[in-house]
Amino acid sequence: MGLPSAPLRSGRLSIDLTWTLRFRNVKPTEMLRTPNDLRAWSTSHGLPTSGRLNDHELEQFREFREVLFGAFTRAADGLALPAAQRRLLNAAAALPPYRPALTRTNTIILEHDGSGVVAALNAIARDALELLALQDGRLRRCEGPKCALIFHDESRPGTRRWCDTARCGNRVNTHTYRQRRTIRTDEA
Ligand SMILES: [Zn+2]
């Protein structure tokens with residue numbers, strides 16, 4: 001199975017991080033395998049890092065991803081978050097954040113301490129807190145077969161069922177089509 005080159009986009013930073021471990025139910029596929037993967041993912045999400053990232057920082061990121069996935073799954077199922085889960089989210093939201101700074105050419109850069117990984121975690125945690133506080137019933141599990149992704153439905157009607165219609169919606173449709181065809185074949 002080839003890995004997609006571009007990171008998947010959910011529309012929410014914190015959900016995007018949970019999408020970096022794919023096929024959880026069938027064949028867990030890690031997208032953040034090296035510190036360089038982490039840097040590429042962060043950069044592509046507007047979260048600058050600098051210097052060399054290390055394995056400990058990668059591990060910190062992956063661990064926080066699992067905290068997020070646990071929290072989003074519970075919220076999607078309409079369950080309250082355990083105190084320990086809330087503490088971990090709150091602790092990450094309290095980490096030193098990026099500091100926006102205007103440059104000589106009037107562009108904004110994000111300054112940070114150390115490698116920037118801590119500030120990136122802070123930004124992701126704050127996005128997660130805002131998302132969970134919405135309590136809008138739009139945080140859902142994808143209905144795609146074998147898909148374990150959580151998504152936030154930002155469509156106007158609010159009736160989205162899949163993490164991505166092109167990916168999982170089509171699979172469902174193809175599956176249904178195959179089933180119909182099989183039934184027809186049996187009948188013939
Ligand atoms: Zn899906």
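Residues numbered from 1 in each chain as written. Predicted model: local features only at pLDDT ≥ 70, side-chain atom pairs only at ≥ 80, totals over all residues. Heavy atoms only, no water.

> Would you take a moment to explain the packing of aromatic side chains for this structure?
Note on aromatic pairs: each is described by the distance of the centres and the angle between the planes. Applying the stated criterion across every chain, the model contains one aromatic pair. Judged by centre distance (6.1 Å) and plane angle (70°), the ring pair of W41 and F61 falls under edge-to-face. Taken as a pair, W41 in helix α2 (residues 35-44) and F61 in helix α3 (residues 55-76) lie far apart in primary sequence, 20 residues in all. One cation-aromatic arrangement involves R24 over F69; the distance from NZ or CZ to the ring centre is 3.7 Å. (Phe/Tyr/Trp six-rings, centres within 6.5 Å; stacked < 30°, edge-to-face > 60°. Helix = DSSP H or I, 4+ residues; strand = E, 2+ residues; numbered from the N terminus. Lys NZ or Arg CZ within 6 Å of the ring centre and 35° of its normal.)

> Which parts of the structure should I look at to understand the coordination of the zinc ion?
Metal coordination angles have textbook ideals: 109.5 degrees for a tetrahedral set of four donors and 90 or 180 degrees for an octahedral set of six. For the zinc ion, the protein coordination sphere consists of C142 (SG), C147 (SG), C163 (SG) and C168 (SG), at 2.3 Å. Note that the zinc ion binds four donor atoms; their angles at the metal cover 106 to 115°, and the shape is tetrahedral. A relative accessible area of 8% means that C142 is categorised as buried. (Donors = N, O, S within 2.8 Å, 3.2 Å for Na, K, Ca; no water. Tetrahedral: all angles 85-135°; square planar, octahedral: opposite > 155°, others 65-115°. Buried < 20%, exposed > 50% of the residue type's maximum accessible area, 1.4 Å probe, protein only.)

> Help me understand the side chain of T18 in this model?
Along the polypeptide, T18 turns up in helix α1 (residues 13-18). In this structure the side chain of T18 is engaged in a polar contact, spanning 2.7 Å, whose partner is the backbone oxygen of I15. Contacts of T18, omitting those with residues within four sequence positions, involve R24, R65, L68, F69 and F72. (Polar contact = N/O pair within 3.5 Å; in protein donor to acceptor, adjacent residues only side chain to side chain. Contact = heavy atoms within 4.5 Å.)

> Mind showing me how you'd approach the nonpolar core here?
Generally speaking, nonpolar side chains in soluble globular proteins are found buried as a group. Core analysis: the biggest nonpolar cluster contains 41 residues, and F61, F64, F72 and I124 have the highest contact counts within it. Within the residue set of this core, elements represented by two or more residues are α1, α2, α3, α4 (83-93), α5 (117-134) and β6 (150-152). When sequence neighbours within four positions are dropped, the list of residues in contact with F72 reads S14, I15, T18, A128, L131, L132, L139 and I150. (Core = buried A, V, L, I, M, F, W, Y, C linked by side-chain atoms within 4.5 Å.)

> What should I look at first to understand the environment of N90 in this one?
In this structure, N90 sits in helix α4. Spatially, the C-alpha atoms of N90 and A128 are 9.9 Å apart, while their sequence positions differ by 38 residues.

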